[in-house]
Amino acid sequence: MKNQINDEELIRQYLPTNPTACFETLYNRYVNKVYNRCLSMTKDAEKAEDFTHDIFIRTFARLDRFQERSTFSTWLYSISFNYCLDQIKLSNRLNTTSLDDTLTSQYSDTDDYEPQEEQMRHLSKAMDILSQQDADLLRLKYQQGMNIQQIASHLNIKESAVKMRLKRSRDKVRQLYEAVAY
């Protein structure tokens, strides 16, 4: 029955009473279109898959804000396009060296050495600013000591997606660390 009604009606009828069914139906209707949009923009299958997942999480989190000023598909397309564009811009701006390398080289000179307590305070601030999803991923890896395979199983995603997300999360926290430290 959910497949027979249009998207807007589906959202009106099922979001308040059965949000999981609403999301699953919309996901099944549009996952391939969103993935293809992401793939056309990134030219990278792994990134496209990762972006598609992130877009649907964002879309579902904001579904109650959908005001039917346009069709759902147009709204979703807009979210997809803007998300991909933002991620592409962000990845072009960020440096790809590891966080450990950055911190080691940054604080290897004893004259400029920042006390470990101060580093931890800055890192804590950066983690607080980081999105919940990115912070949780980094905590799974570095606080709970989970390996890539364990994280992939825990989050029900591919190992390649875990690696990409970890890289992006480390890049983001490095950028935030530098912003709060200086």
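Here the structure is a predicted model, which means the values were calculated and not measured.

What counts, and where the lines are drawn
Residues numbered from 1 in each chain as written. Predicted model: local features only at pLDDT ≥ 70, side-chain atom pairs only at ≥ 80, totals over all residues. Heavy atoms only, no water. Helix = DSSP H or I, 4+ residues; strand = E, 2+ residues; numbered from the N terminus. Buried < 20%, exposed > 50% of the residue type's maximum accessible area, 1.4 Å probe, protein only. Arc of directions from axis to C-beta. Contact = heavy atoms within 4.5 Å. Polar contact = N/O pair within 3.5 Å; in protein donor to acceptor, adjacent residues only side chain to side chain. Axes fitted to C-alpha atoms, helices over the stretch in contact; angles between N-to-C directions. Parallel < 35°, antiparallel > 145°, perpendicular 65-115°, else oblique. Nonpolar A, V, L, I, M, F, W, Y, C, P; charged D, E, K, R; others polar. Left-handed = near helix turned anticlockwise from the far one by under 90°. Salt bridge = Lys/Arg side-chain N within 4 Å of Asp/Glu carboxyl O. Patch = residues over 30% accessible without salt bridge, like charges linked within 9 Å, V, L, I, M, F, W, Y side chains within 5 Å. Areas by Shrake-Rupley, 256 points an atom, 1.4 Å probe, with all protein chains shown as cover.

J.: Sorry, what's going on with unusual backbone geometry here?
T.: Note: most peptide bonds trans; most residues except glycine with negative phi. The backbone phi angle of Lys43 is positive, close to 60 degrees, even though this residue is not glycine. Secondary-structure assignment places Lys43 in the loop between helix 2 (19-42) and helix 3 (45-61). Non-glycine residue Glu68 carries a positive phi angle of around 60 degrees. On the secondary structure map, Glu68 appears in the loop between helix 3 and helix 4 (72-93). Judged by relative accessible area, which is 37%, Glu68 ranks as partly exposed.

J.: Just checking my understanding: could you explain helix 8 (residues 148-155) for this structure?
T.: The set of residues buried in helix 8 consists of Ile148, Ile151 and Ala152. Seen from one end, helix 8 has its buried residues packed into an arc of 100 degrees, which puts them on one side. Opposite the buried face of helix 8, at more than 90 degrees from it, the exposed residues are Gln149, Ser153 and His154. Its buried side turned inward, helix 8 meets helix 7 (132-142) and helix 9 (159-181). Where helix 8 begins, the side chain of Asn147 points an oxygen toward the backbone nitrogen of Gln149, at a separation of 3.1 Å.

J.: What is the right way to look at the packing of helix 3 against helix 9 in this model?
T.: Helix 9 packs onto helix 3 with a crossing angle of 75 degrees between their chain directions and a minimal axis gap of 10 Å. By the criterion of interaxial angle, the relationship of helix 3 to helix 9 is roughly perpendicular. Mapping the contact onto sequence places Glu46, Lys47, Asp50, Phe51, His53 and Asp54 in helix 3 and Ser160, Ala161, Met164, Arg165 and Arg168 in helix 9. Class assignment for the residues of the contact of helix 3 with helix 9 results in three nonpolar, two polar and six charged.

J.: Looking at this structure, I do not really get the packing of helix 2 against helix 3. What am I missing?
T.: Angle between the axes and distance between the axes are the two parameters that describe a pair of packed helices. Between helix 2 and helix 3, the least distance of the axes is 8 Å, while the angle of their chain directions is 145 degrees. The two elements helix 2 and helix 3 meet at a crossing, and its hand is right-handed. Here Pro19, Phe23, Leu26, Tyr27, Tyr30, Val31, Val34, Tyr35, Cys38, Leu39 and Thr42 of helix 2 come into contact with helix 3, specifically with Ala45, Lys47, Ala48, Glu49, Phe51, Thr52, Ile55, Phe56 and Phe60. The residue makeup of the contact of helix 2 with helix 3, split by class, is 16 nonpolar, two polar and two charged.

J.: Looking at this structure, I do not really get the pattern of salt bridges. What am I missing?
T.: Side chains that differ in charge, positive against negative, can pair when their charged atoms come close. Scanning the model with the defined rule gives eleven salt bridges in all. Asp50 is the salt-bridge partner of Arg168, the closest N and O atoms lying 2.9 Å from each other. Linking Arg168 in helix 9 with Asp50 in helix 3, this pair joins segments that are 118 residues apart in sequence. Across the pair Arg165 and Asp54 runs a salt bridge whose closest N-O atoms are separated by 3.7 Å.

J.: So what exactly am I meant to see when it comes to a nonpolar patch on the surface here?
T.: A cluster of nonpolar residues, Tyr77, Phe81 and Leu85, forms a patch on the protein surface that exposes about 250 Å² of accessible area. Tracing the chain through its elements places Phe81 in helix 4. Judged by its relative accessible area of 31%, Phe81 falls in the partly exposed class.

J.: Would you explain the side chain of Ser169 in this entry?
T.: The residue Ser169 is located in helix 9 in this model. Discounting residues that sit within four places of it in the chain, Ser169 has contacts with Leu130, Asp134, Leu137 and Leu138.

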